[in-house]
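Spelled out, the chains give:
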Amino acid sequence: MSAPLIVLVGPMGVGKSTVGELLAGRLGTTYRDTDADVVATAGKPIAEIFYDEGEERFRELERRAVHDAVAEHTGVLSLGGGAVLDEATRALLAGHAVVYLSMDVDEAVKRVGLNTARPLLAVNPRRQWRELMEARRHLYTDVARAVVATDERTPHEVAQAVLEALELPDAPSSGRENATMTEQGPTRIQIAGSAGTDPYEVVIGRQLLGELPTFIGDRVKRVAILHPEALAETGQAVRQDLADQGYEAIAIQLPNAEEAKTVEVAAYCWKALGQTGFTRTDVIVGVGGGATTDVAGFVAATWLRGVRWIAVPTTVLAMVDAAVGGKTGINTAEGKNLVGAFHPPAGVLCDLAALDSLPVNDYVSGMAEIIKAGFIADPAILDLVEADPQGARTPAGPHTSELIERAIRVKAEVVSSDLKESGLREILNYGHTLAHAIEKNERYKWRHGAAVSVGMVFAAELGRLAGRLDDATADRHRAVLESVGLPLTYRGDQWPKLLENMKVDKKSRGDLLRFIVLDGLGKPTVLEGPDPAVLLAAYGEVSA
């Protein structure tokens, strides 16, 4: 009868997957994860199984997955954090080479980060972690042949400790080449300071909550966490974690999405800061999507004429666009982002784990800004999307991290050269002139990325009709955007309203309409005052 060579058990966030893959490489075998088996069987993320069908249904799926994997798999196997709760599973593991990977609570909270896909740690990670461990530690120990602590160890060091505990040698064929792989830490992108602003860092990776105090600093007394209603549990979890570390932390809940971007909401935040005694040396943290980071930055820019703030974006759109660059603002009845300030953050934490539970439509919406970066500056982005359009629609895709990093690097290079949109930065508005008009016309009920997608197709057609853009590149817009599920058209009867909306767009100069168009792939330029007939003809190409 076949049996796994090693079975890894332990709590969520301990690194079973990373260590398991390293062990498989060292031993010249294969790796399997029962959580991944459950997701494949259910056709949905674990968080959705919990919320839609309940924990009992998830445990049933988990029990079956473990039974099948133990019977079939001969390599390295890792089990979900709660798999050992099942008595039949514990009995099944008897006699197998089970290793319990352990870690303490402080390390756990750092590693788990902002991943809302972990439903059992949704409110107060630190307290709930202790409760979970009190219930499970003896179960892990009972089934394990060896216990390996992971605190202050790299995954490679943990993998080596597992091999030593089980007295297993590396596979001869692998030699030590796999062991020379360096641990992949978070990516750090520097944004240069300009116009009297300080430089700052964008950190991209997973389980980044432990990085937040570094950005806040030890001289800060008070921290205000601004979060949308939809992320109430996450906002409170961050507040509690910072409070546990000695900060006077408050959470300020905002309305969801664009409803937060009003002067009334900003005034509500100012009142909360005033009542808390917020000073110029204190810090604001914006946790959420692009609307949240826009408001958090605006409130920070206007309170006491400017206090430090940190962006913790939780959507693709916020990571690649709103949280980077220092543009903050709110909407008015006359248009989007007409009231605002240039106020760069002190740092940006892009925790990719936050994307795991993002609804697919919100994830795809963010792809519009990534694709925009491909057309204006980095065509490799387009190649990656075209190579796997379905993969580009999900955080589980093979190129997710690279796509986000490339898009952020495009924006970083631009804003480092032009903070206040006096020149080069205008190219980031590719597709946005019509997009903002559509959003206003829809009373901000359309997703930003959907509007930008239509706006880019319009800009491509405008460039083509103006004799600036070749047919192949113009047509490529439609193909790439459609391949990930973004819209290409808008209502044809709305052109007069859209034209009026565009006349008050921030990029206009007097009554002169200005559009960013392409002279070719990666060659953005400004088109001023195009012929009204050309504008109408271009809109005809995106009219439904």
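Further up the page is the structure itself.
Computed from a predicted structure; not experimentally measured.

(A) Region of interest: the overall build of the protein. Looking only at helices and strands, the protein features 22 helices and 16 strands. Going through the 544 residues of the protein one by one, you find that 56% of them count as buried. A fraction of 74% describes how many contacts in the protein between residues 6 or more apart in sequence connect residues 24 or more apart. Carbon together with sulfur atoms contributes 50% to the accessible area of the protein, which is approximately 22,100 Å² in total.

(B) Seen up close, helix α12 (residues 290–302). Compared with an ideal rise of 1.5 Å per residue, which puts 13 residues at 18 Å, α12 spans 18 Å between its outermost C-alpha atoms and is within 8% of the ideal. The element α12 is extensively covered by neighbouring structure, given that 12 of its 13 residues are classed as buried. Restricting attention to buried positions, one finds in α12 the residues Gly290, Ala291, Thr292, Thr293, Asp294, Val295, Ala296, Gly297, Phe298, Val299, Ala300 and Ala301. Leu304 sits one or two positions beyond α12 and adopts a positive phi of about 55°.

(C) Region of the structure containing the pattern of salt bridges. A full pass over the atoms with the stated rule returns 35 salt bridges. The residue Arg63 makes a salt bridge to Asp86 at a minimum N-O spacing of 3.2 Å. Taken together, the residues Arg63 in helix α4 (residues 55–72) and Asp86 in the loop between β3 (76–78) and α5 (87–93) connect sequence positions 23 residues apart. Using a relative accessible area of 36% as the deciding quantity, one classes Arg63 as partly exposed.

(D) Spotlight on the sheet that holds strand β7 (residues 200–205). Strand order in the open sheet formed by seven strands is β6-β7-β14-β11-β10-β8-β9, and the pairing between neighbours is mixed. The two strands at the open ends of the sheet, each matched to only one other strand, are β6 (187–191) and β9 (248–254). Across the sheet, the mean angle separating the axes of adjacent strands is 15° when strand polarity is ignored. Bridge count for strand β8 (residues 222–228) against strand β10 (residues 283–288) is four bridges, and the pairing is parallel. Bridge assignment links Val223 to a residue of β10, and that residue is Val283.

(E) View of the packing of helix α14 (residues 360–376) against helix α19 (residues 448–465). Two elements in contact, α14 and α19, have axes whose closest approach is 6 Å; the angle formed by their N-to-C orientations is 40°. By the criterion of interaxial angle, the relationship of α14 to α19 is oblique. For the element pair α14 and α19, the recorded crossing hand is left-handed. Residue-level contacts link Ser365, Ala368, Glu369, Ile371 and Lys372 of α14 to His448, Gly449, Ala450, Val452, Ser453 and Met456 of α19. Within the contact of α14 with α19, the residues separate by chemical class into five nonpolar, four polar and two charged.

(F) Inspection of the side chain of Thr315 at higher detail. Mapping Thr315 onto the fold places it in the loop between β11 (308–313) and α13 (316–322). The exposure class of Thr315 is buried, given its relative accessible area of 16%. For Thr315, the residues in contact, after removing those within four places along its chain, are Gly288, Gly289, Gly290, Leu355 and Leu358.

(G) Looking closely at the pairing of strand β14 (residues 347–351). In terms of burial, β14 is largely enclosed, as five of its five residues are buried. The alternating pattern of β14 places Gly347, Leu349 and Asp351 on one face and Val348 and Cys350 on the opposite face, and all of these are buried. Inspection of the sheet shows β7 paired to β14 by four bridges, in the parallel sense. By the bridge assignment for β14, Gly205 is matched with Asp351.

Calculation rules
- Note that residues are indexed from 1 along each chain, following the sequence as it is written.
- pLDDT decides what is reported in this predicted model: residues at 70 or higher carry local features, side-chain atom pairs at 80 or more are listed and counted, and totals for whole chains, interfaces and linings draw on all residues regardless.
- Heavy atoms throughout the structure, all of them, feed into the side-chain values; hydrogens and water do not.
- Helix and strand definitions follow DSSP, with helices as H or I runs of at least four residues and strands as E runs of at least two, each counted in order from the N terminus.
- A 1.4 Å probe rolled over the protein chains alone gives each residue an accessible area, and that area as a share of the maximum for its type sets the label: buried under 20%, exposed over 50%, partly exposed in between.
- By the convention used here, residues are in contact when the closest approach between their heavy atoms is within 4.5 Å.
- Accessible surface area values rest on a Shrake-Rupley calculation with a 1.4 Å probe, where residue burial reflects the displayed protein chains alone.
- Given the number of residues in a helix, its expected span is that number minus one, multiplied by 1.5 Å.
- A pair is scored as a salt bridge if a Lys or Arg side-chain nitrogen falls within 4 Å of a carboxyl oxygen belonging to Asp or Glu.
- At least two DSSP bridges between two strands are required for those strands to pair.
- Axis lines are fitted to C-alpha atoms, over the contacting stretch for helices. Their N-to-C directions set the angle, which ranges from 0 to 180 degrees.
- An angle counts as roughly parallel when it lies under 35 degrees, as roughly antiparallel when it exceeds 145, as roughly perpendicular when it falls between 65 and 115, and as oblique in every other case.
- Two helices cross in a left-handed way if the nearer one is turned anticlockwise from the farther one by less than a right angle. They cross in a right-handed way if the turn is clockwise.
- When residues are sorted by character, Ala, Val, Leu, Ile, Met, Phe, Trp, Tyr, Cys and Pro go into the nonpolar class, Asp, Glu, Lys and Arg into the charged class, and all the rest, Gly among them, into the polar class.

That's the geometry; what it means functionally is another story.
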